[in-house]
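# Working through the structure, step by step
Residue-level listing of the chains:
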Amino acid sequence: DTGVSQDPRHKITKRGQNVTFRCDPISEHNRLYWYRQTLGQGPEFLTYFQNEAQLEKSRLLSDRFSAERPKGSFSTLEIQRTEQGDSAMYLCASSLQTGYFEQYFGPGTRLTVT
Amino acid sequence: AQSVAQPEDQVNVAEGNPLTVKCTYSVSGNPYLFWYVQYPNRGLQFLLKYITGDNLVKGSYGFEAEFNKSQTSFHLKKPSALVSDSALYFCAVRVPSNYGGSQGNLIFGKGTKLSVKP
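This section reports on the structure supplied with the text.

## Points about the nonpolar core
The biggest cluster of nonpolar side chains holds 29 residues, and the ones touching the most others in it are W35, L47, L48, F74, L76 and Y89 of chain B. Mapped by element, the contributors of at least two residues to this core are β2 (10-14), β3 (19-21), β5 (32-38), β6 (44-50), β8 (64-68), β9 (73-78), β10 (87-94) and β12 (112-117) of chain B. Here the element with the most residues in this core is β10 of chain B; it accounts for four residues. Not counting residues up to four positions away in its chain, the partners in contact with L48 of chain B are L33, F34, W35, V57, K58, G59, F63, E64, A65, F74 and L76 of chain B. By size, the runner-up hydrophobic cluster in this structure holds 19 residues, among which are I26, F49, Y90 and C92 of chain A.

## Describing the sheet that holds strand β8 (residues 75-79) of chain A
Residue and element names in this part refer to chain A. What the four strands build is an open sheet, ordered β1-β3-β8-β7; its pairing is antiparallel. In the strand order of this sheet, the two ends are held by β1 (5-7) and β7 (65-68), each with one partner. This sheet shows a mean twist of 15 degrees between the axes of neighbouring strands, independent of strand direction. Bridge count for strand β3 (residues 19-24) against β8 is five bridges, and the pairing is antiparallel.

Calculation rules
Residues numbered from 1 in each chain as written. Chains lettered and ligands numbered in written order. Predicted model: local features only at pLDDT ≥ 70, side-chain atom pairs only at ≥ 80, totals over all residues. Heavy atoms only, no water. Core = buried A, V, L, I, M, F, W, Y, C linked by side-chain atoms within 4.5 Å. Buried < 20%, exposed > 50% of the residue type's maximum accessible area, 1.4 Å probe, protein only. Helix = DSSP H or I, 4+ residues; strand = E, 2+ residues; numbered from the N terminus. Contact = heavy atoms within 4.5 Å. Pairing = 2+ DSSP bridges. Axes fitted to C-alpha atoms, helices over the stretch in contact; angles between N-to-C directions.

Printed below as a string of structure tokens:
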């Protein structure tokens, strides 16, 4: 079990640029989640996939955000036209299918928008 | 609104003493409850969960938590704290879907910083 991995670990970008993050879940997990965490706060849910289907999106996920999981394995989260308010830690997690299984988190991607 | 509260921003404990990190929730129905720990520059690590059954659940690294339905609480405990337990602790809840909860997301508290001094 190699755990959940995320790439890159850190990203610094200028306002207005597009960024893309990747998440590789634990191999046997068919659910994948994205969260955002800002300083002093707990993670906030953004979206989740079951296999390749995106089943839920939070109101936090504005039109500038898009997530994909094309083959039901890794996922990407893209932010277009970044704003300073997008600066945060973006966490990915995965779990087995049913809701009472715990989610396992990756190390996160820290985004800084200058 | 469904929510989780961690009333203490920081808990200070001497090594060897028992520790408690508090969590209360305000959700409909019978929620699933979780505790996670976050070390600096690392992701969240799962500690334990309560789904149903015995109100006292045991988890990783000697931690346990007590579910109290009447007080809507799920406090994290450890009988003897270690310096290495110093970290940020998050309580989280998932509301079952038949009570309007999501099938996916966890609702997290703001976190409690635990500091264990030698």
